[in-house]
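Residue strings, one per chain:
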Amino acid sequence: MEPLVAPCNRHTRDMTMNLDPHTDISTIAGTVARTREAYNAGTTRPLSWRRTQLQRIIDMLEENESEFIDALKADLGKPMVEGFITDLAFVTSEIKLMLKNLTKWNSTERVPTPLVAMPAKSFLMPEPLGVVCVIAPWNYPVQLLLVPAAGAIAAGNAVVLKPSEVSPNVSAVLARLVDKYLDNNAIALIEGGVAETTELLAQKFDHIFYTGNGKIGRVVMAAAAVNLTPVTLELGGKSPVFIDESAKISVAARRVAWGKWLNAGQTCVAPDYVLVHEKVEEKFVDELRKSLNDFYGSNPHTSDSYGRIVSPRHFDRLLSLMNGGTPIIGGESSREDRYIAPTVLGNVNLDSALMQEEIFGPLLPIITVKSSKEAIDFITARDHPLALYVFAEKSSVIDDVLAHTTAGGVTVNGTLLHLTSPHLPFGGVGESGMGAYHGKAGVRIFQHMKPVLKRGTAIDPKMAYPPYTPRKLKIFRKVL
């Protein structure tokens, strides 16, 4: 199969950015209406349809793996292994779990019935919401589009997909293959930027699932409010790491380095800054330096395992953020191929943009603290993060951090991995988002659990009906 873009040298990174895939705006309303018609016709209701569409997504990814990998490299300089694990395999793993549990997760759930309603039985009946819109970001453009879309399909919805225009090569591949592999009446894909997304959000949906930053999240929520459409917002924020003096420093540094510089730091749950106990700061920085050399060699610019910044605009933003501290590791950059070295910053200005904005890149500020309490106070004085990481061997320290901080999710003595478990719903809280998905939660979020109470008619006690008497009131007081 021919690559989507001309092959390029891995290190010069002549990544194609002139590709401008977009959908004719005049067709968007009709496309959404078509999915609505399919949903209203009952197309998406049968489990057989859902199972077929989910399996076709797996087929699409597996049969076109090299094309997706090429597109991820063209847009993000993503190493092949990284692209496979974080974008393709993540999706197929989630969908396989959905297929395994499709019948179970779409079955009614019996619940207790109060005495006052007897004789009766009560249950919760899962039903799809209708037409769902999924708007994805550019940093994991396959995973963050198809995992929520798969959940919506498994729940029985029609779906309109919107990949990011910032990763145009992946967007183009998805547009062509979604049209080829999936039911075009009930599943549609819209490409483009602000104008197309604005038109898309002007349509009536039954749920909007958005992954991205808080600024656009507010725009999405405002548009949804016009039709009282519920939203899931998977946002970001500044996810902190606390390194306690009791931590195994070599392990902590290695795990922080992996979580931070995966995808060149362009991960919503990447460690955004480190609070390290002053007694182990020097050792931690030394171990970070060692880990980076182990991962990417003495010159990460030539490493086949290190990615690139997605666009010149983001490259310039990150260079500006670097002014908020002093590089003690890295700091090198090349605008020609959008390379910024894995960079650790000391002497951090807490009032700088570096510490006020989500970094979303390969810069890691290091801040010393004197105690776990100081670290907790630092974290709680700021918006609730999407993720929080604590490294410690003392269980009392871990317990204190868990008890006195709020975050979308936590990994203890590690980074990122809480989001890989389908049994741990993934999402934010406050400024970092609302709603959670993955696994069963990724299906439930696109369903209404309809409460149903079904009464029998063989017995119809007159006690419940007027006229009300003191005797009836006495009985009610005993049973209610």
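Basis of the calculations
- Residues numbered from 1 in each chain as written.
- Predicted model: local features only at pLDDT ≥ 70, side-chain atom pairs only at ≥ 80, totals over all residues.
- Heavy atoms only, no water.
- pLDDT = per-residue confidence, 0-100.
- Contact = heavy atoms within 4.5 Å.
- Pairing = 2+ DSSP bridges.
- Helix = DSSP H or I, 4+ residues; strand = E, 2+ residues; numbered from the N terminus.
- Axes fitted to C-alpha atoms, helices over the stretch in contact; angles between N-to-C directions.
- Core = buried A, V, L, I, M, F, W, Y, C linked by side-chain atoms within 4.5 Å.
- Buried < 20%, exposed > 50% of the residue type's maximum accessible area, 1.4 Å probe, protein only.
- Arc of directions from axis to C-beta.
- Patch = residues over 30% accessible without salt bridge, like charges linked within 9 Å, V, L, I, M, F, W, Y side chains within 5 Å.
- Areas by Shrake-Rupley, 256 points an atom, 1.4 Å probe, with all protein chains shown as cover.
- Salt bridge = Lys/Arg side-chain N within 4 Å of Asp/Glu carboxyl O.
- Right-handed = clockwise from strand over helix to strand, strands pointing away.
- Parallel < 35°, antiparallel > 145°, perpendicular 65-115°, else oblique.
- Left-handed = near helix turned anticlockwise from the far one by under 90°.
- Nonpolar A, V, L, I, M, F, W, Y, C, P; charged D, E, K, R; others polar.

**Side note on the confidence of the model for the protein chain**
Move 1: Residues with a pLDDT of 70 or more make up 96% of the protein chain, whose mean pLDDT is 94.
Move 2: Counting interchain partners and residues more than four positions distant, the pLDDT-below-50 stretch residues 1–17 has 49 contacts.

**Here we look at the sheet that holds strand 4 (residues 158–162)**
Move 1: One open sheet accounts for six strands, arranged 5-4-3-6-7-18; its pairing is mixed. At either margin of the open sheet sits one strand with a lone partner, and together these are strand 5 (187–189) and strand 18 (433–434).
Move 2: The pairing of strand 6 (residues 207–211) with strand 7 (residues 231–234) spans four bridges and is parallel. Across the sheet, residue Tyr210 finds its bridge partner in strand 7, namely Leu233.
Move 3: With respect to the sheet, helix 1 (residues 28–40) is in contact with strand 3 (131–135), strand 4 and strand 5, its orientation differing from that of strand 4 by roughly 155 degrees.
Move 4: This element, helix 6 (residues 143–154), spans strand 3, strand 4, strand 5 and strand 6 of the sheet and lies at about 170 degrees to strand 4.

**Some thoughts on the environment of Val134**
Move 1: Mapping Val134 onto the fold places it in strand 3.
Move 2: Along the backbone, Val134 and Leu161 are 27 residues apart, and their C-alpha atoms lie at a distance of 5.1 Å.
Move 3: Not counting residues up to four positions away in its chain, the partners in contact with Val134 are Leu144, Leu145, Pro148, Ala149, Val159, Val160, Leu161, Lys162 and Phe209.

**Concerning the nonpolar core**
Move 1: Core analysis: the biggest nonpolar cluster contains 140 residues, and Ile243, Phe284 and Leu288 have the highest contact counts within it.
Move 2: Once you skip the residues sitting within four places of it in the chain, Leu288 turns out to touch Ala253, Val256, Ala257, Trp261, Ile329, Val344, Leu364 and Ile366.

**A look at the pairing of strand 9 (residues 273–277)**
Move 1: Of all five residues in strand 9, five are buried; the element is thus mostly enclosed.
Move 2: Every second residue of strand 9 is oriented toward a common face, with Tyr273, Leu275 and His277 on one face and Val274 and Val276 on the other, all of them buried.
Move 3: Here strand 8 (residues 240–243) pairs with strand 9 via four bridges, running parallel. Its bridge partner lying in strand 9, Val241 is registered against Val274.
Move 4: For strand 9 and strand 14 (residues 363–369), the ladder comprises four bridges, and the chain directions are parallel.

**Considering helix 12 (residues 312–321)**
Move 1: Taken as a whole, helix 12 has its buried residues at His314, Phe315, Leu318 and Leu321. What you see down the axis of helix 12 is that its buried residues fit within an arc of 125 degrees, all on one side.
Move 2: Taken together, the buried residues of helix 12 touch strand 11 (333–334), strand 12 (339–340), helix 13 (353–356) and strand 14.

**Brief notes about a nonpolar patch on the surface**
Move 1: Residues Leu115, Val116, Met118, Val479 and Leu480 make up a contiguous nonpolar surface patch of roughly 500 Å² in combined accessible area.
Move 2: Considering the arrangement of structural elements, one finds Leu480 in the segment after helix 17 (470–479).

**Things to note about the pairing of strand 16 (residues 409–412)**
Move 1: Here strand 16 shows one buried face, formed by Gly409 and Thr411, and one open face, formed by Val410 and Val412.
Move 2: Bridge analysis of strand 15 (residues 387–391) against strand 16 gives four bridges, and the strand direction is parallel. Looking at the pairing, Ala387 lines up with Gly409 of strand 16.
Move 3: Of the crossover connections in this fold, the one passing from strand 15 over helix 15 (residues 395–404) to the parallel strand 16 is right-handed.

**What about the packing of helix 10 (residues 249–261) against helix 11 (residues 281–296)?**
Move 1: The interhelical angle for the contact between helix 10 and helix 11, taken along N-to-C directions, is 55 degrees, at an axis separation of 8 Å. By the criterion of interaxial angle, the relationship of helix 10 to helix 11 is oblique. Handedness of the helix 10/helix 11 crossing: right-handed. In this structure, helix 10 contributes Ile249, Ser250, Ala252, Ala253, Arg254, Val256, Ala257, Trp258 and Trp261 to the contact, and helix 11 contributes Lys283, Phe284, Glu287, Leu288, Ser291, Leu292, Phe295 and Tyr296.
Move 2: Of the residues belonging to the contact of helix 10 with helix 11, the class tally is twelve nonpolar, two polar and three charged.

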